[in-house]
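Structural description and commentary
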Amino acid sequence: MREALPVFRRSLREDWRGTLGWTIGVAAVLFMYLPLFPSIGGNGQMQQIIDSLPPELVGALGYDQIGTGAGYAQGTFYGLIGFLLLTIAATSWGAGAIAGAEESGRLELDLAHGVGRARYALESAAAILVRLAWLGVFAGAVVALLNDSATLDITPIHIVDATVVFVGLTALAGSTALFIGALVGRRSWAMAAGAGIALAGYAFNAIANQVEAVEWLRTISPYSWAFHQPPLAEGLSPSGAIALWALSLAFIAGSAWALQRRDVIG
């Protein structure tokens, strides 16, 4: 009897050590930064420092609300270090799933054993999403755990909101890398595409925060879709969340289409 979801199961099984490493990294960042809030944020000291900085720099970094618990968690983790960590993980997984397997010759072997191309792409995408969802939910659980002790005063349901857009934002980088990898079969191109969409989104949001004349850049910034309405403070923006997940799913579907339309060279 043929194993159900072979590509999905193998991806999770073979990369569990890597996923564990990313989990430890997320935990380390959260336990390093969030407990500091009562001493540097809760007494107004952090806000005083931010107020002394140029408004343009504060706007670019999104630190205007960092004196609050929600703003601090957003500014230090969700909008910066956590975003960087999960984007790197997602891009690496997305680039390796198809393009990396093709360059190593493994993809050709798998396809020769009766795994359909669309199935391969979709199961690879599912494995990436499951790992990202785990990291996002784990991060949310740690924030909830530290919420009282670090005096963050974040409404619990807003942690769920932040998790939805956080995972969606990083899934977009991973699905972009997956799509480009399926389209051209080159891991370096896939890595560049995944990192590029994340970097462009961050840069467009930062520029829009500084220059009123180009605020329209937010409309094409995935980072802004996720965080222009601060999810930890105000809840998620439904339109932003839908845009992130819809585009991610479109790239995943595009990966299945792209892998079917070309020759695979091992």
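Just so it is clear, the model here is predicted, and its values are computed rather than measured.

What counts, and at which threshold
Residues numbered from 1 in each chain as written. Predicted model: local features only at pLDDT ≥ 70, side-chain atom pairs only at ≥ 80, totals over all residues. Heavy atoms only, no water. Helix = DSSP H or I, 4+ residues; strand = E, 2+ residues; numbered from the N terminus. Buried < 20%, exposed > 50% of the residue type's maximum accessible area, 1.4 Å probe, protein only. Contact = heavy atoms within 4.5 Å. Areas by Shrake-Rupley, 256 points an atom, 1.4 Å probe, with all protein chains shown as cover. pLDDT = per-residue confidence, 0-100. Salt bridge = Lys/Arg side-chain N within 4 Å of Asp/Glu carboxyl O.

This part covers the overall build of the protein chain. Within the protein chain, the secondary structure is distributed over 13 helices and zero strands. Residue burial in the protein chain is summarised as follows: out of 266 residues, 49% are buried. For the protein chain, the proportion of contacts with a sequence separation of at least 24, taken over those separated by at least 6, is 77%. When the accessible surface of the protein chain is totalled, it reaches about 12200 Å², and 66% of it is carbon and sulfur.

Comment: phi is negative for the bulk of residues other than glycine, and the bulk of peptide bonds are trans. Its identity is not glycine, yet L5 carries a phi of approximately 50°, on the positive side. Phi is positive for D153, close to 60°, though the residue is something other than glycine. Along the chain, the position of D153 falls in the loop between α8 (117–146) and α9 (156–184). Classification of D153 by relative accessible area gives exposed; the value is 74%.

The predicted model of the protein chain averages 90 in pLDDT, with 89% of residues at 70 or higher. The secondary structure element of the protein chain with the lowest average pLDDT is helix α5 (residues 55–61), at 58, and the one with the highest is α9, at 98.

Note on placement: T176 falls in helix α9. Every residue in contact with T176, bar those within four places of it in the chain, is listed here: A193, G194, I197 and F251.

Here we come to the pattern of salt bridges. Within the structure shown, the criterion is met by five salt bridges. Across the pair R10 and D110 runs a salt bridge whose closest N-O atoms are separated by 2.7 Å. Of this pair, R10 sits in helix α1 (residues 6–14) while D110 sits in helix α7 (residues 106–112), and the two are 100 residues apart along the sequence. As far as the burial class goes, R10 and D110 line up, both buried.

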